[in-house]
Number of protein chains: 2
Amino acid sequence: MRTSTLAMALCLALASPLADAGETLVSAARIHTMDAARPTVGALVHDDDGRILALGDSAALAAEYPRAKHLDLGDATVIPGLIDAHGHMMGLGLTRLRVHLSGLRGKAEVLEKLRAFAADLPPGAWLTGRGWDQNLWPDKRFPDAADLDAAFPDRPVWLRRVDGHAGWANTAAMKLAKRPLDGDWQPAGGRILREHGKATGVLVDGAMALIEDAMPALDEATADRALALGLRDAVAHGLTGVHDAGVPLAQLRRYQRFADAGRLPLRVTAWAEGDGDALDFLCDEGPYQHPSRRLKMRSVKVYADGALGSRGAALLADYSDDRGNHGLMTTAPAELLRIARKARRCGVQMATHAIGDAGNRHVLDAYERALGADAAKAGHRWRIEHAQIVALEDIPRFARLGLIASMQPTHATSDMPWAVDRVGPARIQGAYAWRKFRDAGVRLALGSDFPIESVDPRLGLYAAATRMDDEGRPAGGWWPQEKLTAWEALRGFTLDAAYAGFAEREVGSLAPGKRADFVVLAEDPLAVPAAALRTLTIKATYVDGKAVYDAR
Amino acid sequence: MRTSTLAMALCLALASPLADAGETLVSAARIHTMDAARPTVGALVHDDDGRILALGDSAALAAEYPRAKHLDLGDATVIPGLIDAHGHMMGLGLTRLRVHLSGLRGKAEVLEKLRAFAADLPPGAWLTGRGWDQNLWPDKRFPDAADLDAAFPDRPVWLRRVDGHAGWANTAAMKLAKRPLDGDWQPAGGRILREHGKATGVLVDGAMALIEDAMPALDEATADRALALGLRDAVAHGLTGVHDAGVPLAQLRRYQRFADAGRLPLRVTAWAEGDGDALDFLCDEGPYQHPSRRLKMRSVKVYADGALGSRGAALLADYSDDRGNHGLMTTAPAELLRIARKARRCGVQMATHAIGDAGNRHVLDAYERALGADAAKAGHRWRIEHAQIVALEDIPRFARLGLIASMQPTHATSDMPWAVDRVGPARIQGAYAWRKFRDAGVRLALGSDFPIESVDPRLGLYAAATRMDDEGRPAGGWWPQEKLTAWEALRGFTLDAAYAGFAEREVGSLAPGKRADFVVLAEDPLAVPAAALRTLTIKATYVDGKAVYDAR
């Protein structure tokens, strides 16, 4: 009896809110929980481990948890941590290793920015960048190597022009080219600019490879640095989770090292890249989860077709602006089916890139055959990435097969200047067709495809709710029938993204037992006009109850 | 062969667009069709009978139909005719027989408005009105009969105060009271205001019946006049269809007379009122349709419970602001089931008023039992009217049973000042829960419940897209997660309302073979900010290709 009494006392102590378990009471003007049972509360309590214990009225919770620390966020609005359901973390990090020169209005400004950026670089490491445009400069003339040499006599410098069709090297970089750039020869498909036979430093199109082939492969330290920068960038934009859309096993190992070292500030759900080493790892070992819960892998990413802008997306009929071309499958249908069957056998979630209506149909066909009778059960949570141009009759198939449409609102607003040219007025009805998917009962997981688009999820919320570009064009939105409400957009970036990552019991909404992953905003995203979603102020990002970004 | 050649030639002539079949080409800045295959076009062609022949580009259609008359609507936007899925046409008409005095700032203004209104009344007919408020007048004193007698010495006048708790009669009206109003007696529950024993003309609460009991019953001529006024009011607000939520057989007959005489400017889908003579007519004769296609009846309306404002809606638990009261069923569950079985047997669509969560559950139970295995087939299109407060777990039942939720956006914004008081913060999550219904796969037919709310569907579109009142409160909307996009709101007032009335093959969208029912707006409702939906400019309303309202 003694033991059980003691045990009971212990249990009572553990269960009692009076015991100091390192609880924190977070209060704000409003906390949008994304929990249907109580969508808005004034406060939540989480324990020291970051587990939410209770939500409700601030005063009532303060009475219930009298020893909790109090984090009063004043007139801020709290929303669940945002989850980007489709991004490329290393790609994002690598863009952060490059200096961004777009919009600068003179060489002095360019040099100033280069010097500041180089201050953080190891000695001798390449300084790379992009975005310069001599048309914005007073003299509108191409720059040359000498402009860079004074500041960077030894460090190689390579800067791509804004359009990507020319590069600007300093002398240190040119010296590393495999073949001397001076003389009178020219490479295939490109041009070396010269004065009196001496290369000026500007190389056009095919000539750029002469410098880029001389750059060192990515070393581990640089890759780590890129990843750290990408992660930092993500949490600074309110992301608490990212689905990394395809990595090799080596990248999973890098993530594991980061997780072991406590260097993952957000939750990464990484997918195996194609039928490669990471998929074999999953088939051998089963779904992977790091003990910190910050890293998971249980999915495989495959590319079915190309992209729309370059007319590589596979269409059922010719491109409207390129007769005779209907794009191409980058993975043959039979191979898609083979991988789908392997994924099914291994219990792995499949996430397939499909942009064109033919690409999507082939994926639907492969999924249908591989999933068989299990399709309708939907526990598989298989996904189609982008689901960009879909035949109207195929949209209900997503619902019947229990698939998730993983879509990127900013793709619609980036592509809208030319998308109708590509596919014409009929097929465009099934393009970026968020409302039709939702009306068909299909779950939408939203993301950005960073670094193809900005990592900033505010731009995604804005694009979803307005179908307008950053300048507010076209007025009223492009195919406005497909708009989502701000709440639906938020749901796509929280609860439904969590579901797509098998994580809706942990994150995606703020509810008892879930993780205290949340974003602190100065404004209420459900109250501001849709046009203001892109300029929401992100004051802080919390993961497991700890600030991983704080701008206050 | 001769005959068949002739027939073929005739067919070719009929089929040829060159034949003048009284075609009209309607062009506008944009025509939103609500047809998913091509949501926006520049022009449509309809024949003389009002049947849409083609939609597309204006120049192409002009070439294809060279002899068509051209109606160029310039920079206007055309949308499908709006359908109010729940209104009371006679009720609307009767309000138009009364003069509206609210907001007037003195007796002189009141008398001026009364005189203008009386000019259209037959001699001797009662002049009735409501809305006066002596607190808005300079002297803030109750009026008296003498104020009215000079202008109306013979015509009885009866004017209810803005709050409905007092009335103002002239001497001619007081003379018609069954018992002389002078003296010192007072009626139960009311008060006759007197000076020196003489009634002043103002009667309070229970005393109002002394005048109102003396008013003649509605005669046929007046009822016809009310109906005509109601119909005129409806088309002036862009309505081309109304579901009349429960009428006796006599009202169907009145509608038939109007239809025979070409006096129905819009399509009326009338429902039989309860288990009465109109339902028996349907059971005996089958679904009714007038040859003009302007009048249909194939449904029965039943009331399951009361209203929320008066705490008569049936709740599963007590009212949050009235412990011990959980409202009441106005039709017992067993009786609901009996009528549902009768409706099923007669092939009649059932449309049941249910406001509270208990009211809704009893209706769901009755429908489920009556429909049996046919429920999932959904061909029945049974409806729940208002579906106002629904237990969260009951919302998916609407989808499983194939039911239509017939909801009124303005009810949400009218009720929001006190709705949380009535049901508390938990049950409010299932209140006016448009998004949850749509997410559960339930079709939403939208309406106004006029004259309870304004007949103006612009207010419904605005309420649906903003969840704000007419002054824009609360900022960002009340429970904003339930907002609809402008397009979804429009769909609820067009295609989905048409579906709820078994009419989606005729109306609800603009597509070949459908009727040319449309509204001409100065603004594009899919492009304006949601806040501007309530002030869209209705320039004209067309039914069967003919203008039934024209403000140009």
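Residues numbered from 1 in each chain as written. Chains lettered and ligands numbered in written order. Predicted model: local features only at pLDDT ≥ 70, side-chain atom pairs only at ≥ 80, totals over all residues. Heavy atoms only, no water.

Chain A appears in an unreviewed UniProt entry as Amidohydrolase from Solilutibacter pythonis.

Colleague: Hey, could you run me through the environment of A:Gly93 in this one?
Modeller: All names here are of chain A. Within the fold, glycine 93 resides in helix H3 (residues 89-96). For the pair glycine 93 and aspartate 233, spaced 140 residues apart in sequence, the C-alpha to C-alpha distance is 8.2 Å. Excluding anything up to four places from it in sequence, glycine 93 contacts Ala226 and Gly230. (Helix = DSSP H or I, 4+ residues; strand = E, 2+ residues; numbered from the N terminus. Contact = heavy atoms within 4.5 Å.)

Colleague: Sorry if this is basic, but what is going on with the state of the cysteines here?
Modeller: By definition, a disulfide links two cysteine residues through a covalent bond between their sulfur atoms. Residues and elements named next belong to chain A. In this structure the tally under the stated criterion is two disulfides over all chains. Two residues, cysteine 283 and cysteine 346, share a disulfide whose sulfurs are 2.0 Å apart. With the S-S dihedral at roughly 105°, the linkage between cysteine 283 and cysteine 346 falls on the right-handed side. Placement of the pair is cysteine 283 in helix H10 (residues 277-285) and cysteine 346 in helix H11 (residues 333-346), with a sequence separation of 63 residues. Residue classification places cysteine 283 among the partly exposed residues on the basis of a relative accessible area of 25%. The class of cysteine 346 is partly exposed, set by a relative accessible area of 22%. (Disulfide = S-S within 2.5 Å. Buried < 20%, exposed > 50% of the residue type's maximum accessible area, 1.4 Å probe, protein only.)

Colleague: Would you mind going over the sheet that holds strand E9 (residues 157-161) of chain A with me for this structure?
Modeller: Consider a sheet: its strands pair through backbone hydrogen bonds, and that pairing is either parallel or antiparallel. Residues and elements named next belong to chain A. In spatial order, the strands read E7-E8-E9-E10-E12-E11; together these six strands make up an open sheet with mixed pairing. Unpaired on one side and paired on the other, strand E7 (99-100) and strand E11 (190-195) mark the two borders of the sheet. Strand direction decides the pairing type here: strand E10 (residues 166-169) and strand E12 (residues 198-205), joined by three bridges, are antiparallel. Along E12, the bridge assignment pairs glycine 167 with leucine 203. (Pairing = 2+ DSSP bridges.)

Colleague: Whenever I open this one, the pairing of E11(A) confuses me. Can you help?
Modeller: Note on strand geometry: in a regular strand, side chains alternate between the two faces of the sheet. Residue and element names in this part refer to chain A. Strand direction decides the pairing type here: E11 and E12, joined by five bridges, are antiparallel. Across the sheet, arginine 191 pairs through a bridge with valine 204, a residue of E12. Here E11 folds back onto E12, and the loop between the two strands holds two residues, one of which, histidine 196, carries a positive phi near 50°.

Colleague: What exactly am I supposed to notice about the packing of aromatic side chains here?
Modeller: Each aromatic ring pair is described using two quantities: the centre-to-centre distance and the angle formed by the ring planes. Taken as a whole and assessed by the stated rule, the structure comprises 18 aromatic pairs over all chains. For the ring pair A:Trp132 and A:Phe142, a centre distance of 6.0 Å and an interplane angle of 75° mean the geometry is edge-to-face. You can see A:Trp132 sitting in strand E8 (residues 127-132) and its partner A:Phe142 sitting in the loop between E8 and helix H5 (145-149), a full 10 residues away along the chain. On the basis of relative accessibility, which here comes to 0%, the residue A:Trp132 falls in the buried class. Feature note: the residues A:Trp132, A:Trp137, A:Phe142 and A:Trp168 constitute an aromatic cluster, connected by ring pairs. The positively charged end of A:Arg263 is found above the aromatic ring belonging to A:Phe258, 4.2 Å away from the centroid. It is B:Arg298 that lies over the ring of B:Phe502; its NZ or CZ is 3.6 Å from the centre. (Phe/Tyr/Trp six-rings, centres within 6.5 Å; stacked < 30°, edge-to-face > 60°. Lys NZ or Arg CZ within 6 Å of the ring centre and 35° of its normal.)

Colleague: I keep staring at the confidence of the model for chain A and nothing clicks. Help me out?
Modeller: Caution is warranted with low-pLDDT regions, since their predicted coordinates should not be read in detail. Residues and elements named next belong to chain A. Residue-level pLDDT values for chain A average 94, and 96% of them are 70 or greater. Considering only residues more than four positions removed or in separate chains, one finds that residues 1-19, a stretch of pLDDT under 50, has eight contacts. Confidence metrics for the complex model read pTM 0.85 and ipTM 0.80. (pLDDT = per-residue confidence, 0-100.)

Colleague: Which parts of the structure should I look at to understand the domain arrangement of chain A?
Modeller: Interfaces are often described in size by the accessible area the parts lose on coming together. When cut into domains, chain A gives domain 1 (20-75 + 509-551), domain 2 (99-213) and domain 3 (310-484). Taking the mean C-alpha position of each, domain 2 of chain A and domain 3 of chain A sit 38 Å from one another. (Domains from an automatic or database assignment.)

Colleague: Is there a simple way to explain the interface of chain A and chain B in this structure?
Modeller: In this complex, chain A contributes 24 residues to the contact, which on the side of chain B involves 24 residues. With both sides pooled, the region where chain A packs onto chain B buries about 1800 Å², and carbon together with sulfur makes up 61% of that total. In this assembly, chain A and chain B are joined by four salt bridges. A salt bridge links B:Arg435 to A:Glu488; its shortest N-O distance comes to 3.0 Å. The interface formed by chain A and chain B holds four residue pairs in polar contact (both at pLDDT 80 or more) in total. Elements with a contribution of two residues or more to the side of chain A that touches chain B: helix H16 (434-439) and helix H18 (486-492) of chain A. A per-class count over the side of chain A that touches chain B returns 11 nonpolar, five polar and eight charged. (Buried area = accessible area lost by both parts, 1.4 Å probe. Salt bridge = Lys/Arg side-chain N within 4 Å of Asp/Glu carboxyl O. Polar contact = N/O pair within 3.5 Å; in protein donor to acceptor, adjacent residues only side chain to side chain. Nonpolar A, V, L, I, M, F, W, Y, C, P; charged D, E, K, R; others polar.)

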